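# Architecture and fold: a report
This is what each chain is made of:
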Amino acid sequence: MQFIRKMLANNKAATAIEYGLIAALISVAAITALQGVGNSLKTTFNNVSTSLNAA
């Protein structure tokens, strides 16, 4: 219990937690954006493949 009290009183621990939360939010946003780009690329490559097979 003393360890938790020390961590709550320590400003460095709070800053580290904040940086960790910011990094987590950035990674979630990046993953979401990349999934959208990935779906667009998949559609584009499928269209190109279909066109090449038809030719």
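Note that this is a predicted model, so its numbers are computed, not measured.

With that settled, the discussion passes to the overall build of the protein chain. What the protein chain contains, in helices and strands, is 2 helices and 0 strands. A compact globule built from 55 residues would reach a C-alpha radius of gyration of about 10 Å, whereas the protein chain, at 23 Å, exceeds it by more than 25%. Buried residues in the protein chain amount to 2% of all 55 residues. Surface summary for the protein chain: the accessible area is close to 5100 Å², and the carbon and sulfur share equals 68%.

Moving on, we come to the environment of arginine 5. Here arginine 5 shows up in helix α1 (residues 2-9). Judged by its relative accessible area of 57%, arginine 5 falls in the exposed class. In this structure, the C-alpha to C-alpha distance between arginine 5 and isoleucine 31, residues 26 residues apart in sequence, is 35 Å.

What counts and how
- Residues numbered from 1 in each chain as written.
- Predicted model: local features only at pLDDT ≥ 70, side-chain atom pairs only at ≥ 80, totals over all residues.
- Heavy atoms only, no water.
- Helix = DSSP H or I, 4+ residues; strand = E, 2+ residues; numbered from the N terminus.
- Rg over C-alpha atoms; globule rule 2.2 N^0.38 Å.
- Buried < 20%, exposed > 50% of the residue type's maximum accessible area, 1.4 Å probe, protein only.
- Areas by Shrake-Rupley, 256 points an atom, 1.4 Å probe, with all protein chains shown as cover.

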